[in-house]
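Residue-level structure breakdown
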Amino acid sequence: MKRKILGSAIAAAVAMAPALSPAATTVSDGIVKLGVLTDMSGTYSDLSGPGALEATKMAVEDFVAKEKPDFKIEVISADHQNKADISANKAREWFDTQKVDAIVDLVTTSTALAVMKVANEKSRISLISGAASTPITNEQCNDTTVHWTYDTYALPVGTAKAVVKQGGKNWYFITADYAFGHSLEKNTADVVTKSGGKVLGNVRHPFPGSDFSSFLLSAQASGAQVIGLANAGNDTMNSIKQAKEFGITPKQSLAGLLMFISDVHSLGLEATAGMYLTTGFYWDYNDETRAWSKRFFERMKRMPTMVQAGDYSATYHYLKAIKAAGTDEAKAVMAKMRDTPVNDFFAKNGKVRIDGRMVHDMYLAQVKKPSESKYPWDYYHIRQVIPGDEAYIPLAESKCPLVKK
Amino acid sequence: MNGKHIGWIVLLLLGLVAPFLVYPVLVMKILCFALFACAFNLLLGYTGLLSFGHAAFLGSAGYLCGYTVQGLGLSPELGLLAGTVGAAALGFMFGSLAIRRAGIYFAMITLALAQLVYFLALQFPFTGGEDGMQGIPRGHLFGLIDLSDTMNMYFFVLAVFLFGFWIIERAIDSPFGQVLKAIRENEPRAISLGYDVDRYKLLAFVLSAALAGLAGATKTLVFQLASLTDVHWHMSGEVVLMTLLGGVGTVFGPIVGATIVVSLQNYGAELGQWVTVLTGVIFVVCVLAFRRGVVGEVALLIKRSGIRP
Amino acid sequence: MDIFGIPIQALMGQLLIGLINGSFYAILSLGLAIIFGLLNIINFAHGALYMMGAFCAWIGLTWLGLNYWVALIAVPVVVGAFGMLIERTMLKHLYQLDHLYGLLLTFGLALIIEGLFRYRFGISGESYPVPELLSGGFNLGFMFLPKYRAWVVAVSLVVCFGSWFIIERTKLGSYLRAGTENPQLLQAFGINVPLMITLTYGFGVALAALAGVLAAPVFQVNPVMGSNLIIVVFAVVVIGGMGSIMGSIVTGLGLGLIEGLTRVFYPEASAVVIFVIMGIVLLLRPAGLFGRER
């Protein structure tokens, strides 16, 4: 049966050049194995899913071509279906029977939390790019987890600050009624008040919802200038669509607190034009991002989301750390990853903090009007670069026990 | 020695050998679901009641067990007890409402009630909502045996499973079970014979719910987490599939069905969305052409070939 | 003027929205009730077929260039025909068995349909534009009512009461009612009952597809839109009691209104209110509000 798993696993095994360097890397069983565990078919498969796997494979190929490591690298993947139990089970199985060294992506917080605990117990590394919630690097943090791309602090904070500065002082929240929605709302509301804005009220909608019109009417009745959407995925998309239908936008403006380029792509510019959002990566930002994204596009026929780009960056950084450390032992690799700044198309001078947070610059984007979009996937104006230290929770405020105060 | 004895011996041997051949955590998962499906079969197979809300018992027992062990810091056996009792109480509430109607109405009522439980699980603060309960400690059984060791845990799960399965088998063979079968076959007749049919149905429902709860609580200890997956209505559908595929109304059928379905989900994870389609296809094929299920068909084959077991 | 601290104008707006949702509940529960009446099957695939209706409208528009008005007629016909195919090839074989098998079969079909659409279209779904003629809205003073929503209510009322009229007041409907009571006798009178069953199933499915087309411009068209809705509609059907056509329509609209009110006064409970009502109704009237004990 083990053979069956091996056979069906998508393997990108790459042979390496003979080890010429004197200090050969001591890698357990000679192979560094990466497991991409993500939503391959569900709500989040567009923003991570098969694209996350492809990005990870690209990172491995590029690393082998460029760094010529003296160890083999393999990539396998599985669909966690957004279920914490499936993720924990799969991760445990991968560690026990497949000798997987690190797990990549992990979209949705519940799966990420489940896996990072198993990984820590087994002394393996979690490279989280897909999941959003801040507890990953706060209350629940551990020393074998890296949270790469974004979180529920960085996204709303950038957006809220910018929107308040533009004059959107009065806010009303439409919040998905579960832990994730609440934390998104709270983080945003704090920033709004701190920046001199005011929160007029909120409404909690069942998750998942399909009809948001009555919540939107409540938001309309509040007279707020800005309606903050503290939800994700289909809920956000439906809210945006229906806000337009009820003539709420453009009189009041919407702020998507957790939105990806794949959401904008699905909704179309007609419905999203003018919205502010924060992103960790935009494919059309500079020549470097364009070059990489075009390679990605050739393979996936879609432009990468920040999550997928983050998967590449995290994987590459991890492999580099193994080479530098000369071992794949989790603690040593983590130490190297923290010591080395991240410099690639995704991040400039990014750093992995003690709590596992990879701090890098974020971008405040505004969605283009249909008339401004010149070519496919030309969706954002980048309005502002938010320095990493402002974008993420400062270490001083971190609730992570690893942070010594 | 009859077929049932042979079945028991095979089951025991398989249970003892399996963890050395297959990944033990997977076997534990199979055992939990097998118990769940057997509990469900007590209702569908022997009483003729199709509950489409059994996930509510599996899931809420998981949460209760998790809360007892993690929140209150009590021992794992108390966690199992809390889960089982909680599920039984919930089963009493569901049952009292649902047995007023039969057939399809019964199915839909249980489905809708389970959906209510799902929303409550999403809202209650102690369940952790979408994130679920994570990192629940397995603890020490009776304060002695360390369950964080995989093999210790395995044999504990096996013991729980055999215990639950034994209760179900006893119930089926007892006079109580005979009355249930009578209700399944001809309810008016059972009434005219003077049986308080509603009380029997309710009792069967509560027993089924309690054992489903035992399965759910055990599952929580195995995976050290409780999540919304186990209260979602998809789970209620899955247990129907397991029972149907293995053989409705056969003693060992649900175990076979659970093994097939869990293995399919485990090894088919790479197939992604095709697993859903495949599950649907199995459902359709079972209903159209394979209503006896694996065990039912095998039993028929044996009977036809004239071999007396 | 305020009612319990809510301005009456806001309340009116919310009630109107409740009515719009109620329209969807009404069409879907009507289809379920019609199918149940004759086939004694709870069509678990109803949600999937509703989703299929929405997707067919989108496919028609995007791939074939068929506009909304064409879709409104063509999609129910196509999906209805698909339903008849299901009835002929699969459901037909189950009539002699326990009715629960019908539920299980349609559950399996729902999984297959949903899985296939997920495979082809991904999960985030597609956007369907509001037709030109119905874009914009009316300013009612207390709220801005999109024309399209008003249209949804109008269409669903016409369809629901039209179906009621056909079933309760015409000759064709009398055959249908007779088939519900005693199919053998009806067959003896020379009516082709199997054909009637096929057509009835097709009609029920077409209603689901129609609801799908109506929903396409309102909600994001995605593969799980049906499975999220169908459980609520089941509860609606249980509350109404599947006995009467009128019952299912009235319950659908009424629960939409109640849900709307809950969203104003206690939004956290809006997802469960229908299930709570169901529990209460079952306690007091196990057969449902309009149902008969059988």
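Residues numbered from 1 in each chain as written. Chains lettered and ligands numbered in written order. Predicted model: local features only at pLDDT ≥ 70, side-chain atom pairs only at ≥ 80, totals over all residues.

Per an unreviewed UniProt entry, the recorded name for chain C is Branched-chain amino acid ABC transporter permease, and the organism is Aromatoleum toluolicum. One UniProt comment on chain C, placed under Sequence similarities (unreviewed entry), says "Belongs to the binding-protein-dependent transport system permease family. LivHM subfamily." (UniProt positions renumbered as here; feature names shortened; annotations may be inferred.)

The name given to chain A in an unreviewed UniProt entry is ABC transporter substrate-binding protein, and the organism recorded there is Aromatoleum toluolicum. Turning to chain A, the UniProt annotation filed under Sequence similarities (unreviewed entry) states: "Belongs to the leucine-binding protein family."

The subject of this paragraph is the interface of chain A and chain B. At the junction of the two partners, chain A supplies 28 residues and chain B supplies 21 residues. Broken down by secondary-structure element, the contributors of at least two residues to the side of chain A that touches chain B are helix 1 (2-8), strand 2 (72-79), helix 3 (84-98), helix 4 (109-121) and helix 6 (179-194) of chain A. Broken down by element, the residue count for the side of chain A that touches chain B peaks at nine residues, all from helix 3 of chain A. A class-by-class count of the residues in the side of chain A that touches chain B yields 13 nonpolar, six polar and nine charged. (Contact = placed C-beta atoms within 7 Å. Helix = DSSP H or I, 4+ residues; strand = E, 2+ residues; numbered from the N terminus. Nonpolar A, V, L, I, M, F, W, Y, C, P; charged D, E, K, R; others polar.)

To continue, consider helix 11 (residues 253-267) of chain B. Given a rise of 1.5 Å per residue, 15 residues ought to cover 21 Å, and the 21 Å separating the end C-alpha atoms of helix 11 of chain B matches this to within 8%. For helix 11 of chain B, every residue scored as buried is listed here: B:Gly253, B:Pro254, B:Ile255, B:Val256, B:Gly257, B:Ala258, B:Thr259, B:Val261, B:Val262 and B:Asn266. (Expected span 1.5 Å × (residues − 1). Buried ≥ 20, exposed ≤ 12 C-beta atoms within 10 Å, placed from the backbone.)

Attention now moves to the nonpolar core. Among the nonpolar cores identified, the biggest contains 352 residues, and A:Val115, B:Leu35, B:Phe36, B:Ala112, C:Ala54, C:Ala209 and C:Ala235 are the most heavily contacted of them. Taken domain by domain, this core gets at least three of its residues from each of domain 1 (2-19 + 26-151 + 286-361) and domain 2 (154-283 + 362-388) of chain A. Other than its neighbours up to four places away in sequence, C:Ala235 contacts B:Ala112, C:Ile274, C:Phe275 and C:Met278. (Core = buried A, V, L, I, M, F, W, Y, C linked by C-beta atoms within 7 Å. Domains from an automatic or database assignment.)

It is worth spelling out the packing of helix 3 (residues 55-71) of chain B against helix 9 (residues 197-223) of chain B at this point. Residue and element names in this part refer to chain B. Axis separation between helix 3 and helix 9 bottoms out at 7 Å; the angle between their running directions is 50°. Accordingly, the angle class assigned to the pair helix 3 and helix 9 is oblique. Once helix 3 is placed against helix 9, the crossing between them reads as right-handed. Across from Phe 57, Leu 58, Gly 59, Ala 61, Gly 62, Cys 65 and Gly 66 in helix 3, the residues of helix 9 making contact are Ala 209, Ala 212, Gly 213, Ala 215, Gly 216, Ala 217, Lys 219, Thr 220 and Leu 221. Residues of the contact of helix 3 with helix 9, tallied by class, amount to nine nonpolar, six polar and one charged. (Axes fitted to C-alpha atoms, helices over the stretch in contact; angles between N-to-C directions. Parallel < 35°, antiparallel > 145°, perpendicular 65-115°, else oblique. Left-handed = near helix turned anticlockwise from the far one by under 90°.)

So, about the environment of B:Leu44. Residues and elements named next belong to chain B. Mapping Leu 44 onto the fold places it in helix 2 (residues 24-47). For Leu 44, a count of 24 C-beta atoms within 10 Å puts it in the buried group. C-alpha separation for the pair Leu 44 and Val 240, spaced 196 residues apart in sequence, amounts to 8.8 Å. Apart from the residues lying within four places of it in its own chain, the contact partners of Leu 44 are Leu 49, Leu 50, Thr 243 and Val 248.

All right, on to the domain arrangement of chain A then. Residue and element names in this part refer to chain A. Splitting chain A by domain gives domain 1 (2-19 + 26-151 + 286-361) and domain 2 (154-283 + 362-388). Distance between the C-alpha centres of domain 1 and domain 2: 29 Å. Residue-level contacts link 25 residues of domain 1 with 21 residues of domain 2. By residue class, the composition of the side of domain 1 that touches domain 2 is 10 nonpolar, 11 polar and four charged.

A few words now on the sheet that holds strand 1 (residues 31-38) of chain A. All names here are of chain A. If you walk across this open sheet you meet the five strands as 2-1-3-4-5, and the pairing is parallel. Each of the sheet's edge strands pairs with one partner strand only, and the pair in question is strand 2 and strand 5 (145-147). For this sheet, the mean angle separating the axes of adjacent strands, direction not counted, is 20°. As paired elements, strand 4 (residues 125-128) and strand 5 share three bridges and run parallel to each other. For Leu 127, the partnering residue across the bridge sits in strand 5 and is Val 146. This element, helix 4, spans strand 1, strand 3 (102-105), strand 4 and strand 5 of the sheet and lies at about 155° to strand 4. (Pairing = 2+ DSSP bridges.)

Between chain C and chain B, the contact holds 32 residues from the first and 30 residues from the second. Where the side of chain C that touches chain B is concerned, the elements lending two or more residues are helix 4 (100-121), helix 9 (225-240) and helix 11 (273-284) of chain C. Top contributing element to the side of chain C that touches chain B by residue count: helix 4 of chain C, with 15 residues. Here the residues of the side of chain C that touches chain B sort into 24 nonpolar, five polar and three charged.

Now for the environment of B:Gly129. Among the structural elements, B:Gly129 can be located in the loop between helix 5 (103-123) and strand 1 (140-141). For B:Gly129 and B:Phe119, which are 10 residues apart along the polypeptide, the C-alpha to C-alpha distance reads 9.4 Å. When near neighbours in sequence (up to four residues on either side) are disregarded, B:Gly129 contacts A:Tyr178, A:Ala179 and B:Leu122.

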